Amino acid sequence: MRRLVVLASLLAVVVAAALVAQRRPVQPPADPAPLLNLIGDVGRSAAAVPGRAARMSDVDEIGVGNNLARTLREESSPLAAYVTRVGTNVSGGARRQLPYAFHLSADPKMFNAVALPGGHVVVGAGLVALMTSEDELAAVLAHEIEHIDHFHCIDRYQRGTAAGGSPAGLILLAPLDILAAGYAKNEELEADAEGTRLAAAAGYAPLAVIELFEAAERLSARRPTSVRRAGSPIEEALDVQAAALDGYFRSHPPAAERIARIRDVVREDRLDANARPRPLDAVAASAAGIGEAR
Amino acid sequence: MLFTFALLLLCGAVALVIFLPFWMVARMQRESWNEQEFVRLNDRIETLAANVHALRRRLDGQDVPVPPPAAAVPDSPLPASVPEPLSAVRRDSPPAVLPATPGEIVPPAATVTNRPGRTDAPPPAAVSTLPQAPAHDAGFPHPGRMAPHAPATAAAPHHSSSELEARLGTNWLNKLGALLLVVGIAFFMTYQLRTLGPLGKDIVGFLAGAALLAGGVVAERRTDYRMFSRGVMAAGWALVFFTTFAMYHVPAARVLDSQAVDLALMLVVAGGMIAHALRYRSESVTGLAFLLAFATVAISHDAAFTLPAAAILAAASAAIAVRMRWFGLEIGAIAATYANHLLWSAQLPASPLGQALPHFDTSLALVLLYWAIFRIAYLVRRNIPPDGERTTSLGAVLNSGAVILVSTRYLANPDLVFTLLVALGVAEAVGAWLVRGRRPAFATLMTMGVVLVAAAFPVRFGPRTVALVWFLEAEALVVIGVRLRDGLFTRLGVSGSALAGVYLYAADVVPLIQTRTGAGPYAADPMVASMLAAAATVYYFNSLRLLRARPEAFPQPFERAVADKLSYGGLLALAGTAWALLPLPWLAPGLMAIGLCLALAARRMLSKDVWVQSQLTAFTGVMLLIAVNFQDAVMVGPLHRRLVVVLLGAAAQHSLYRVSRLDAIEESDGFGALHAWIGSALLAALLWYELEPLAVVLAWSALAVLALEAGVHWNRRDLRLQAFAALAFAFGRVFFVNLNGSGGLLGSAAVSTAPLALVLFYAYERIADRETLRERPWLPEVVAAGGTITLAAMLRVALSPAQVAIGWAALVLLMAAVAARTGRRLFLRQAALGAVAVVVQAVAVNIYEPSYFARWSTGPWFTVVLSALLLLAALPFARRMKLAPDGRRGFAATVALLVSRRPDQALFFAPLLLLVWVSAVYAHGGLVTMAWGAEAVAAFMLALWMRERSFRLGALALLLACVLRITMIDVWRLDQQGRYLAFITLGSALLLVSFLYSKYRGLLEDYL
């Protein structure tokens, strides 16, 4: 009798949970993200102590960053100055006090931003052209600053140099690709969360970057929040495989996941979700044709 | 006309030249074989007789050497010396008794044992049934003058190529020469004798013919020229016949004005020719005579003369064939009679469709008369040897076939055709019944009767129902065969039903396939379905019912095998019935229902064939279900049609589990389990299609619980394995779908994942103590580990990174509590491993990678200390269940010891390590030493309370570390205030520990 009660209770719980799950308006996609995130967590945890012990000093990191930044061509446009101004404003709240420097790549096809060790941040003109508010630019720069602030850039640099750049080193590291993928994704999500907090601390609207994500998704003809349902279980398995082999290895996680994470941060940290984004600097925006890309 | 006549003669000659040598060679070979067989049997008879003689002498006390068997003299057809006893025995033997049927064998032993002790017993009956005459026409009477000459070849053991040469030279060359001579003389009369008038030419022709006849008659008296003389006589008669023909038809020789008179004369000549030929009992000469007679009739256009004459010739040839047993002549006569009629009818003017031709009634009556003549001739003959029976049966078939060919050519009335065919069929059947003593004739006529009746049905019935009628006829034959115990009828019935099935497929099923695969609608076709159902009934009834109830109705092994496998035809027809009747979305459950019914039938009848059919049908249904129904999202009321159909399919598969298992079929157990697996897989796939992605895992979990309960209740291993498979898939899916859901403890990820962990733990509990799983002791451990991993992964997604360590520590506490509550050490081991994971997570995230914007509740101090406290809270549960070391040494043994037998070690040192680590990283200056000192004192007090020496040693080691730090670091780096605070704190701690040691010395000594 007791067992029947337990069984009935268990089935009731399962069925109730199924009903709740069935009524969820947004259904998640089928991809290997959770598994790879867990694997990435394991890798990061395993490397936390030895990585911290072997990490180079800030002075050395600044030297490495400066060497890498020498190849960048300096832009002297009003837009470049505007980027520097916003970046400097945001980087004031960073934990590591490095000589942050912000660069604008004039390539209109660069829809991305990159952080270098030692405090150098590069943002592409194509990405800037997608923006409609200064808060979006601040969020992007804050994201890249947090990559530097949390040692992601220098750790990645040190992992690369540890392999020696030799074929043998690359071969030895090849089996760790999946681990590295999960690792990179964790870093991106961490940079999203901390960047949102950093931008909010600088007075920017924390949810403004969501607009930018959605614009980027529209540009690549992808839907940000809706998920395509596979036609059959086999098709779903193939989708997962394709995501593992292709989509997941992009430099950034899917926009939907990043948006969800930012909303979680805003909710957990009780940030002002209703803050209104401030408009872009008019002079700089008109000089760069900002917003036209949308 | 002359040209026509010459052409006919020439064609006949060419045919003779081409075909008859082959026939001759074949016949000679057969005769040769017969003679060799005769010699062999004769030798055996003599050997047996000698043996009998020797035995008899031995019984009488004499010892006479047994003469060597005749087989020792292979070149001689007869033994060199025939022992007297043999002759005596043969003379005393009863007359030869032919067996009732050709295949019947009278066992020799029976005859011997029926007369025990008889010294004058006749030889075995088998001996007496051997052929007595060695002639090539063995068994034929050879009356008259031909008789002494006929066995000329009997003395020869074999024929050689020289015999063939002799035959060709003396027989066929002479016939061919005679034919060419007649043609030549005919041309000579027509074209060369220009100086003579018609009468002179006719006289010359008659004289030449008479001369040839006279020469032939004279030569025939001498044995050496007998064969030659017949050719000459045939040439003479042919010349006389042609001259008679020329008296009216050849202008150069015309002396008569009336064709009728000329034809009458020709008939007279033909009659005389036939009468004369019969004197010599030569089939070939008589055949030539009849050929000329039929040619006479054929060239006439006068219906009043032609048709009756042909009937007379037919009757005469049939009578002679019966009397003389000239079956080749009979076949020729049949062919000539109907060919003549065909030539006559071809000259008639064509009539519009549906209208009878002129002279229709007369013609039909004559054709039927021909048929009746030859059929009666076929029926009345008796004592026909097997070779002759085959030939005459061929003639019987030719007779009916020719009737159909000639009649249907100008029978435009379908009703009349139907009536004619049915009447002929019935007449053949009646005739067969009349000659049922002659088995070959009975079989031939009955088969033709059946075929004729079957051929009549398409005329009367439409193409969509004729198959049904054929099935009825076939089944009627089968029933008759069973009732009469006659394999012929069952053979005919089975063959007929098979042919009807082929027709049904070609005429009805193929068009329906084309309609459905083309642009046509996919509509049910009840007519085709009903016919297929009838076919299935017939096939299954014959194969399963009749074959089992009346096996004697299928006397031959091959027939039994065919009848046995006929059930597969029934399966095709049955599946076709479902296909024709059901809409495509309902076809799969229909097939599965058929499979279920067949499995029940196989169970009842213990038939492996039916069992195989049930499996084939069921698996076909599954394939169809996968291909068609899973994509079907049409609504039936409030439900998807897919839901209803797949549920039915899954239910059928699960039903097949029990129904498919037969003791008599070894592999049925595996197939039964396979059905259950397929049924569960169908259900799982259906849930995937019907539910949203998040709910699928939960539905699979519920399915697994039900399968597990059923497997435990009914002690079914396959169901239990299905439950574990479902749990494995659900577990895997969590990491690809559900954990992608939203975070938070009430987020979609947590809500849709946590119940799976509960199900896994429930499954563990249900199987943990089952003896049936002892061969897989790892399974419960794996299932429980799956539950714990699911919970840990859920917490990893649901909580923020800073809270994960706390969540996991709480999970460790829960595991330890459950272990203490249930007594299952498994959970304690999981708690120990969980403690290690908490340390790793807390160090990597909370201590080294904290958010720079963290509040106190998410900062490293709060999260790490809280995690440590939760781990420590689990320590009492672990202490309660600790075990003594097992004595093994080594690294692996130590790890196993710590995890399995002493998990309290992990649950003590893990939180201590966390506290020390967070103090080292986040405390400033002398506060590190003070924190470590406080932690050491607390650890020491805890160790005292728990009476655990390793804990005390740990606390002392931490105190020692404090001493080292204060002397190595703090003295040199701290400012004055920090330095004395550190010293004071550490000194106090050391004093306190020392005091405690002193106070509890006795207790400590007890535990050292």
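Per chain, residues are indexed from 1 in the order of the written sequence. Key to labels: chains lettered from A, ligands numbered from 1, both in the order written. For a predicted model such as this one, the threshold for reporting local features is a pLDDT of at least 70, and the threshold for listing and counting side-chain atom pairs is 80 or more; totals across whole chains, interfaces and linings nevertheless cover every residue. Water and hydrogen atoms were dropped before computing side-chain values, which therefore reflect all heavy atoms in the structure.

Colleague: Outline the overall build of chain A, supporting the account with residue identities and numerical values.
Modeller: Under the DSSP-based scheme used, a helix requires at least four consecutive residues in state H or I and a strand at least two consecutive residues in state E, with every element numbered from the N terminus. A count of helices and strands for chain A gives 13 helices and 3 strands. Sequence separation of 24 or more characterises 77% of the internal contacts of chain A that already satisfy a separation of 6 or more. In short, Shrake-Rupley with a 1.4 Å probe defines the accessible areas, and a residue's cover is counted only from the protein chains shown. On chain A, roughly 14,300 Å² of surface is accessible, and the fraction owed to carbon and sulfur atoms is 61%. In what follows, a contact means two residues having at least one pair of non-hydrogen atoms within 4.5 Å.

Colleague: Break down the overall build of chain B for me, with residues and values.
Modeller: Along the backbone of chain B there are 37 helices and 2 strands. Here the term buried applies to any residue with accessible area under 20% of the maximum for its type, exposed to any over 50%, and partly exposed to those in between, with areas from a 1.4 Å probe on protein chains only. Taking all 1008 residues of chain B together, the buried fraction comes to 48%. Taking contacts inside chain B between residues at least 6 apart in sequence as the whole, the part at least 24 apart equals 70%. Carbon and sulfur atoms provide 68% of the accessible area of chain B, an area that totals close to 47,500 Å².

Colleague: Talk me through the packing of aromatic side chains; I want residue IDs and the actual numbers.
Modeller: Residue and element names in this part refer to chain B. Centres within 6.5 Å are what make two rings of Phe, Tyr or Trp a pair, Trp counting through its six-membered ring; a difference in plane orientation under 30 degrees is then read as stacked, over 60 as edge-to-face, and the rest as tilted. Scanning the model with the defined rule gives 17 aromatic pairs over all chains in all. By way of ring pairs, the aromatic residues W611, F619 and F671 are connected into one cluster. Cation over ring: R254 sits above Y248, and NZ or CZ is 4.4 Å from the ring centre. Counted as over-ring charges are cases with an Arg CZ or a Lys NZ within 6 Å of the ring centre that also lie within 35 degrees of the ring normal. Above the ring of W700, the side-chain terminus of R733 is found at 5.9 Å from the ring centroid.

Colleague: Any chance you could break down the pattern of salt bridges for me, citing the residues and the numbers?
Modeller: For side chains of opposite charge, pairing can occur when their charged atoms come near one another. All names here are of chain B. Each reported salt bridge corresponds to a side-chain nitrogen of Lys or Arg within 4 Å of a carboxyl oxygen of Asp or Glu. In the structure shown here, the tally under the stated rule is 28 salt bridges over all chains. Among the salt bridges present, the one from R641 reaches D632, with a minimum N-O distance of 2.6 Å. By the burial criterion, R641 is buried, and D632 matches it. As a salt-bridge pair, E948 and R902 come within 2.9 Å of each other at their nearest N and O atoms.

Colleague: Give a detailed account of helix α21 (residues 608–629) of chain B, specifying residues and quantitative values.
Modeller: One less than the residue count of a helix, multiplied by 1.5 Å, gives the span that helix is expected to have. With 22 residues, α21(B) should reach 32 Å at 1.5 Å per residue; the first-to-last C-alpha distance of 30 Å fits that figure. Under this definition, polar contacts are N or O atom pairs within 3.5 Å; protein pairs additionally need one hydrogen-donor-capable and one acceptor-capable atom, and for neighbouring residues in sequence, both atoms have to be side-chain atoms. The N-cap residue of α21(B) is S607(B): its side-chain oxygen and the backbone nitrogen of D609(B) are 3.5 Å apart.

Colleague: Run through the environment of L263(B), naming residues and quoting values.
Modeller: Residue and element names in this part refer to chain B. Turning to its location among the elements, L263 is positioned in helix α8 (residues 259–280). On the accessibility criterion, L263 (1% relative accessible area) is buried. Each C-alpha atom, one on L263 and one on F245, is 7.5 Å from the other, the two residues being 18 residues apart in sequence.

Colleague: Before we move on, could you go through the confidence of the model for chain A and cite the residues and values that matter?
Modeller: Residues and elements named next belong to chain A. Overall, the predicted model of chain A reaches an average pLDDT of 79, with 79% of residues at or above 70. By definition, pLDDT measures how confident the predictor is in each residue, and it falls between 0 and 100. Mean pLDDT across the elements of chain A bottoms out in helix α8 (residues 167–173) (49) and peaks in helix α6 (residues 134–149) (92). Throughout residues 170–176 the model reports pLDDT below 50, and contacts reaching past four residues in sequence, or to other chains, amount to 3 contacts. Low confidence marks residues 245–251, where pLDDT is under 50. Its contacts with residues over four positions away, or in another chain, come to 15 contacts.

Colleague: I'd love a proper account of the interface of chain B and chain A, names of residues and values included.
Modeller: Listed by partner, the interface residues are 51 residues for chain B and 56 residues for chain A. When two parts are brought into contact, each loses some accessible area as probed by a 1.4 Å sphere; the total of that loss over both is the buried area. Of the roughly 4,500 Å² buried where chain B meets chain A, counting both sides, 62% is carbon and sulfur surface. For the chain B face of the interface with chain A, the top three residues by lost area are W688(B), Y852(B) and F853(B), together amounting to 18%. Run the count over chain B and chain A and you get 1 salt bridge. When the shortest N-O distance is used, the salt bridge between E709(B) and R3(A) registers 3.1 Å. Run the count over chain B and chain A and you get 9 residue pairs in polar contact (both at pLDDT 80 or more). Of all elements in the fold, only α23 (668–690), α24 (693–713), α26 (748–767), α27 (778–798) and α29 (825–847) of chain B reach the threshold of two or more residues within the side of chain B that touches chain A. At 9 residues, α24(B) tops the list of elements feeding residues into the side of chain B that touches chain A.

Colleague: How would you explain a nonpolar patch on the surface if you had to name every residue and give the values?
Modeller: Candidate patch residues must exceed 30% relative accessible area and have no salt bridge, after which like charges are joined if within 9 Å and Val, Leu, Ile, Met, Phe, Trp or Tyr side chains if within 5 Å. A contiguous nonpolar patch, built from L199(B), I203(B), L207(B) and V255(B) and spanning about 360 Å² of accessible area, is present on the exposed surface. Positionally, L199(B) belongs in helix α6 (residues 198–220).

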